[in-house]
Amino acid sequence: MSHATRLAVLAGSFDPPTNGHVDMITRAAALFDRVVVALLVNPAKQPLFALDERLEMMRELVAQMPAVEIDTFDGLLADYVRKRNAAAVVRGLRTAAEFSEEWQMALMNRHLNPACETVFLVPAAEHMQISSRLVREIASLGGPVTGLVAPSVEARLARRFPARRGGS
Ligand code: PNS
């Protein structure tokens, strides 16, 4: 495997992007020459935020990270990795429970593209409990998401759930 510039792919739906995602991007950018954050265009479920909104949020979050680019993909991640000639897919591992599913996905991606390596990174301890699904749920029920997402994302969530803004 030879890559002049080592590119890492961080794929996901990022609905919305969380501080855990930013942590992963930052760690990946320290390990690889370049990182592409690849937003899945056709998730199975209807997303809370449209693709354009997720792209906009993500662009704001990585604005100060010159080695990070934002892209979209549809179809198989293994094909996208091939198309980009990426060195690896980077995935965050929060809990042991996540491992078996991530391991299966890594093996399946390699089955589909033998050059597709997966690198698992451990997020900062304070980000371990964050997931987009929980952030969506908390925000929709009027709970606080400060510290879980960036202020710009928090503001969008507050606009999306105006009746619940303020908590009670
Ligand atoms: O935000 P998520 O749910 O962690 O992202 C999951 C994602 C987008 C990485 C995964 O669903 C994916 O790779 N989807 C693309 C379709 C694909 O390649 N499926 C086969 C996986 S082995």
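Nothing here was measured: the structure is a model prediction, and the numbers come from that model.

Conventions used here
- Residues numbered from 1 in each chain as written.
- Predicted model: local features only at pLDDT ≥ 70, side-chain atom pairs only at ≥ 80, totals over all residues.
- Heavy atoms only, no water.
- Core = buried A, V, L, I, M, F, W, Y, C linked by side-chain atoms within 4.5 Å.
- Buried < 20%, exposed > 50% of the residue type's maximum accessible area, 1.4 Å probe, protein only.
- Helix = DSSP H or I, 4+ residues; strand = E, 2+ residues; numbered from the N terminus.
- Contact = heavy atoms within 4.5 Å.
- Phe/Tyr/Trp six-rings, centres within 6.5 Å; stacked < 30°, edge-to-face > 60°.
- 1 Å grid on protein atoms, 1.4 Å probe; cavity = no way out; pocket = protein on both sides within 12 Å on 5 of 7 lines; lining within 4 Å.
- Points joined across faces, edges and corners; volume = space filled by probe spheres on them.
- Nonpolar A, V, L, I, M, F, W, Y, C, P; charged D, E, K, R; others polar.
- Salt bridge = Lys/Arg side-chain N within 4 Å of Asp/Glu carboxyl O.
- Near = heavy atom within 4 Å.
- Polar contact = N/O pair within 3.5 Å; in protein donor to acceptor, adjacent residues only side chain to side chain.
- Areas by Shrake-Rupley, 256 points an atom, 1.4 Å probe, with all protein chains shown as cover.
- Sits in = over half its atoms within 2 Å of the grid points.

**Student:** How should I be thinking about the nonpolar core in this particular structure?
**Tutor:** The biggest cluster of nonpolar side chains holds 33 residues, and the ones touching the most others in it are Ile25, Val37, Met58 and Leu157. Taken together, the elements giving at least two residues each to this core come down to strand 1 (7–12), helix 1 (19–31), strand 2 (34–40), helix 2 (51–61), strand 3 (68–73), strand 4 (88–92), helix 5 (132–140) and helix 6 (151–160). A total of 4 residues in this core trace back to one element, the largest contributor, which is helix 2. For Val37, the contacting residues outside a window of four places in its chain are Leu10, Phe14, Ile25, Met58, Val68, Glu69, Ile70 and Asp71.

**Student:** Got a minute to help me understand the packing of aromatic side chains in this structure?
**Tutor:** What describes a pair of aromatic rings is the distance from one ring centre to the other and the angle between the planes of the rings. For the structure shown, the criterion picks out 3 aromatic pairs. Seen in terms of ring centroids, Phe73 and Tyr80 are 5.4 Å apart; in terms of plane orientation they differ by 35°. Their pairing is tilted. Between Phe99 and Trp103, the ring centres sit 6.2 Å apart and the planes meet at 20°, which makes this aromatic pair stacked. Linking Phe99 with Trp103, this pair stays in helix 4 (residues 96–112), spanning 4 residues, or about one helical turn. Since its relative accessible area comes to 36%, Phe99 is described here as partly exposed. Classification of Trp103 as partly exposed rests on a relative accessible area of 47%. What links up through ring pairs into an aromatic cluster is the set Phe99, Trp103 and Phe120.

**Student:** Would you take a moment to explain empty space enclosed by the protein for this structure?
**Tutor:** Empty space left among the atoms is revealed by rolling a probe the size of a water molecule over them. The tally for this structure, following the rule as stated, stands at 1 cavity of 30 Å³ or more. Every residue along the wall of the largest cavity is listed here: Leu77, Val89, Arg91, Glu102, Met105, Ala106, Asn109 and Thr118. Among the elements of the structure, strand 4 and helix 4 are those that each provide at least two residues to the lining of the largest cavity. For the lining of the largest cavity, the leading source of residues is helix 4, giving 4 residues. Its residues assigned to classes, the lining of the largest cavity comprises 4 nonpolar, 2 polar and 2 charged.

**Student:** Mind showing me how you'd approach the pattern of salt bridges here?
**Tutor:** Once the charged atoms of two side chains with opposite charge are near each other, the side chains can pair. This model, assessed by the stated rule, comprises 13 salt bridges. Here Arg110 and Glu117 are joined by a salt bridge, their closest N and O atoms 2.9 Å apart. Overall, the relative accessible area of 39% leaves Arg110 in the partly exposed class. Classification of Glu117 by relative accessible area gives partly exposed; the value is 30%. Residues participating in the shared-partner salt-bridge network are Arg34, Glu69, Asp71 and Arg84.

**Student:** For this particular structure, what's the right way to read the site of the ligand?
**Tutor:** Close contacts around the ligand come from Ala11, Gly12, Ser13, Leu40, Phe73, Gly75, Leu76, Leu77, Arg91, Met105, Met108 and Asn109, and that covers them all. Between Leu77 and the ligand, the recorded distance is 2.8 Å, taken from a backbone N or O atom to an oxygen atom. The separation between an oxygen atom of the ligand and a polar side-chain atom of Arg91 is 3.0 Å. Coverage of the ligand by the protein amounts to 68% of the 550 Å² it exposes when considered alone. In this structure, the ligand is accommodated by the largest pocket. Within the residue set of the shell around the ligand, elements represented by two or more residues are strand 1 and helix 4. In terms of residue count, helix 4 provides more of the shell around the ligand than any other element does, 3 residues in total. Across the shell around the ligand, the residue classes tally to 7 nonpolar, 4 polar and 1 charged.

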